[in-house]
Amino acid sequence: MCGIVAYTGCHEAYPILIKGLKRLEYRGYDSAGVALSQPEGIALYKCRGRVEDLDTLCSSKNCEAHTGIGHTRWATHGEPSTQNAHPHLSEDGKLALIHNGIVENYLVLKKELVSRGYHFQSDTDTEVLVHLIQDTLKNEQVSLPEAVKIALSSVVGTYALAILSADEPDQLILAKKGSPLLIGVGDNEYFIGSDGAPIVEYTKKVVYLEDGDVAVVSPNKKMVVMNINDNRKKRRYLQELEMNLDQLEKGGFEHYMLKEIFEQPKAIRDSMRGRLNVRKDVVSLGGIIEYETKMMNARRFIIVACGTSWHAGTVGEYLFESLVRIPVEVEYASECRYRNPLIYEDDVVIAISQSGETADTIAAVELAKQKGATVIGICNVVGSTLARATHAGSYTHAGPEIGVASTKAFTAQVTVLTLMALCLARRKGTISLSDYHQIINSLEDIPAKVEQVLKLNGQIAEFAKFFVNKTNAIYLGRGINYPVALEGALKLKEISYIHAEGYPSAEMKHGPIALIDEEMPVVVLATEQETYEKTVSNIQEVIARKGKIISIVTKGDKLVKEMSDYCIEIPETLELLTPLISCVPLQLLAYHVAVLRGCNVDKPRNLAKSVSVE
Ligand code: M6R
């Protein structure tokens, strides 16, 4: 949610900023801007639209500078416009500031600043920050870093900030609270990013700023980090950035989303590597070893997450309840926080997030910790806020996910949840040895089965033509495939803008059936064995009302196949593992429908990859 990039050093800043912004664009893409330190003062270029538009604008400008800041925006306060684009300038034009986060008390601050003669150029919450800092500089007669610290102490909300000053042209001031900010340390130069994407090309040595940190960097000088909470200098250690440049490229695919769908066999294998050893009969997750006993004895698991991660968590509910035999509640993280939930010290909260920066999920984690629960994270981005906020956890090893629509993160999350459930069930004795063997053997075969499904890409692209002019769709699934139906519907709606809803198959007759007519595509997951006959009846009910059936069946299925207008056959596996396979055709279907409708698949409207505001 908003991407921040900054550079100071001996190289030209602009190419580094613009490349960084292109890599960060998945965090927001409604406007973009840069501010550059030049001998005459700060040069500011910004515009509504994509980073590419900014680059075009800048092509006719003087962009020479060795220090600069850049921003790509996802609008919260104020519509997407050039005026509201960052950076924002102070009244005297000597400070430029970029921000990711939300200033919750901006109206109060704004009123105060207006009364003191400051003029606002935008409708953003961010602009108060730059005026507030200038005002503090003027009134307190302190250095800029001090002024930033003082100003931020009256700010309520979240921020990652980078500030450029005309008076200290090669210096950058950085600050973080609640939104991520990394400093890449090069050879007498510094690269700043909201995440590692704009940094990894230049250095893998990074410092993760912590909440309350205010850092000062200038070339040829040691970084200084202070914290506004205790006003002391802080030592922040260098860490290795776990990211490769080639993971950030499209690798010959037309879109990141398609590349990431095709990366799923690898993502699942990587998430199992070193954790599942079929030959030795072992499932073990290093990250939670110390907490295994606590988890086995949990009164209850509460899974908190948002969006696709919430769907993975709902698959987890089926896995944990059936294997570990401990009750599970799956909560939308955003709901959990504001309803004063009953969370006890012997509850184990599992927080799931691809980015590890989702503000709602992090808020739920903090709440759970306050209530004394043990919090386990499942997260893809190493070193992210979630990874650091939880007591322990397991990373998914899906690699960077750039497409806004989450795909490989989902299968990697479900893989880790399956491993966790197996590991706990084995220790707790809630699974028989033969079931355990059967599941771990089948799990090992999943990546190869996903590869088989990916071979259906061409067939699914053909089926997608049927959806192009549709306005609605229903997705039905049962048992552990119900969350897959939800996920399939989410994929379709977020990238193709076709309204889609997921339901448990049997719920259709309690309302949604009223929507069915000859125009309504109904996607049915019909792999479930125990309820197969019931699903067949649900399909009949759709057909009787002239709805169109697109079914996902187990290879060899005849009955449902014959009843379907379009049928996708997926390889057979154990019921509990089907989500890892059955989600893939739904991802491909959504992808091809969106492409056929001319939608921007990787950057769907109004969305951002990392939702770091509540
Ligand atoms: O990074 P997270 O997994 O915490 O993100 C949660 C949701 O914002 C995310 O899954 C979102 O729903 C995706 N756009 C789904 O494709």
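The N-to-C vectors of helix α4 (residues 127-140) and helix α5 (residues 144-152) enclose an angle of 120°; their axes lie 8 Å apart at closest approach. Here α4 is positioned oblique relative to α5, judged by the angle of their axes. Helix-helix and strand crossings are classified by hand; for α4 and α5 the assignment is right-handed. Of the residues in α5, those touching α4 at L129, L132, I133, T136, L137 and E140 are L144, A147, V148, I150, A151 and L152.

Quick look at the sheet that holds strand β1 (residues 3-8) now. Strands sit in the order β3-β2-β4-β1-β10-β9-β11-β15 across an open sheet of 8 strands; the sheet is antiparallel. The strands lining the two open edges of the sheet, one partner per strand, are β3 (41-48) and β15 (239-240). Bridge count for strand β2 (residues 31-38) against strand β4 (residues 67-73) is 6 bridges, and the pairing is antiparallel. Looking at the pairing, A32 lines up with T72 of β4. Helix α1 (residues 13-24) contacts β1, β2, β4 and β10 (190-193) of the sheet and is inclined by roughly 160° relative to β1. Relative to β3, helix α2 (residues 51-58) is tilted by about 130°, and along the sheet it contacts β2, β3 and β4.

Our next topic: the pairing of strand β22 (residues 392-395). Residues A392 and S394 of β22 are buried on one face, while the alternating residues G393 and Y395, pointing to the opposite face, are not. Taken together, the 4 bridges between strand β21 (residues 374-379) and β22 define a ladder with parallel strand orientation. By the bridge assignment for β22, G377 is matched with G393.

As a further point, take unusual backbone geometry. Omega for the bond connecting H86 with P87 falls within 30 degrees of zero, at 0°, which places this linkage in the cis form. Looking at the element boundaries, P87 is found in the loop between β4 and β5 (88-89). Despite not being glycine, D281 shows a phi value in the positive range, around 70°. Relative to the elements of secondary structure, D281 occurs in the loop between β16 (276-277) and β17 (282-283).

Here the protein chain is partitioned into domain 1 (3-247), domain 2 (251-451) and domain 3 (455-605). Averaged C-alpha coordinates put domain 1 and domain 2 at centres separated by 34 Å. In this assembly, domain 1 packs against domain 2 so that about 950 Å² is buried in total across both faces, 57% of it on carbon and sulfur atoms. Among the residues domain 1 hides against domain 2, the three largest losses belong to Y26, Y208 and Q247. Together they make up 50% of the total. Applying the counting rule to domain 1 against domain 2 returns 2 residue pairs in polar contact (both at pLDDT 80 or more).

Next up on the list: the sheet that holds strand β24 (residues 499-504). The strand order across the open sheet built from 5 strands is β24-β23-β25-β26-β27, with neighbouring strands paired in parallel fashion. Where the open sheet ends on each side, the last strands, each with one partner, are β24 and β27 (566-570). Strand-to-strand twist of the sheet, defined as the mean angle between neighbouring strand axes without regard to direction, takes the value 15°. Where strand β26 (residues 548-554) meets β27, 5 bridges bridge the pair, whose relative direction is parallel. Looking at the pairing, I550 lines up with Y566 of β27. In the packing of helix α16 (residues 482-496) onto the sheet, the strands contacted are β23 (472-477), β24 and β25 (521-525), and the crossing angle to β24 comes to about 180°.

Another aspect to go through is the site of the ligand. In the vicinity of the ligand lie 15 residues, with S309, S353, S355, T358 and E494 positioned nearest. Interatomic distance of 2.7 Å between a backbone N/O atom of Q354 and an oxygen atom of the ligand. Within the side chain of E494, a nitrogen or oxygen atom sits 2.4 Å from an oxygen atom of the ligand. Within the complex, 91% of the 410 Å² of free accessible area of the ligand lies under protein. Broken down by secondary-structure element, the contributors of at least two residues to the shell around the ligand are α9 (307-323) and α16. For the shell around the ligand, the residue count by class is 5 nonpolar, 8 polar and 2 charged. Counting only domains with at least three residues in the shell around the ligand, you end up with domain 2 (251-451) and domain 3 (455-605).

Moving on: the pattern of salt bridges. For the structure on display, the rule yields 30 salt bridges. A salt bridge links E201 to K19; its shortest N-O distance comes to 2.8 Å. Of this pair, E201 sits in the loop between β10 and β11 (205-208) while K19 sits in helix α1, and the two are 182 residues apart along the sequence. Given a relative accessible area of 34%, K19 falls into the partly exposed group. The residue E487 makes a salt bridge to K491 at a minimum N-O spacing of 2.6 Å. Of this pair, E487 and K491 both sit in helix α16, 4 residues apart, which is roughly one turn of that helix. The buried category is assigned to E487, whose relative accessible area is 2%. Among the charged side chains, a salt-bridge network with shared partners connects K19, R23, E201 and E249.

Two aromatic rings are characterised by how far apart their centres lie and by the angle between their planes. As enumerated under the stated definition, the model contains 8 aromatic pairs in all. A ring pair is formed by F466 and Y566, whose centres lie 5.1 Å apart and whose planes are at 45°; its orientation type is tilted. Taken together, the residues span a long stretch of sequence, with F466 in the loop between α15 (457-464) and β23 and Y566 in strand β27 at a distance of 100 residues. According to the relative accessible area criterion, F466 is buried, its value standing at 17%. Within the aromatic cluster, the residues linked to one another by ring pairs are F463, F466, F467 and Y566.

Counting 90 residues, the largest nonpolar core has F301, F320, I350, M420 and Y475 as its most contacted members. For this core, the two domains that each supply at least three residues are domain 2 (251-451) and domain 3 (455-605). Those residues in contact with F320, other than ones at most four positions away along the chain, are F301, R325, I326, V328, I350, L417, M420, A421 and L424. Of all hydrophobic cores here, the second largest spans 33 residues; its members include Y14, C58, L182 and F191.

Conventions used here
- Residues numbered from 1 in each chain as written.
- Predicted model: local features only at pLDDT ≥ 70, side-chain atom pairs only at ≥ 80, totals over all residues.
- Heavy atoms only, no water.
- Axes fitted to C-alpha atoms, helices over the stretch in contact; angles between N-to-C directions.
- Helix = DSSP H or I, 4+ residues; strand = E, 2+ residues; numbered from the N terminus.
- Parallel < 35°, antiparallel > 145°, perpendicular 65-115°, else oblique.
- Left-handed = near helix turned anticlockwise from the far one by under 90°.
- Contact = heavy atoms within 4.5 Å.
- Pairing = 2+ DSSP bridges.
- Buried < 20%, exposed > 50% of the residue type's maximum accessible area, 1.4 Å probe, protein only.
- Domains from an automatic or database assignment.
- Buried area = accessible area lost by both parts, 1.4 Å probe.
- Polar contact = N/O pair within 3.5 Å; in protein donor to acceptor, adjacent residues only side chain to side chain.
- Near = heavy atom within 4 Å.
- Areas by Shrake-Rupley, 256 points an atom, 1.4 Å probe, with all protein chains shown as cover.
- Nonpolar A, V, L, I, M, F, W, Y, C, P; charged D, E, K, R; others polar.
- Salt bridge = Lys/Arg side-chain N within 4 Å of Asp/Glu carboxyl O.
- Phe/Tyr/Trp six-rings, centres within 6.5 Å; stacked < 30°, edge-to-face > 60°.
- Core = buried A, V, L, I, M, F, W, Y, C linked by side-chain atoms within 4.5 Å.

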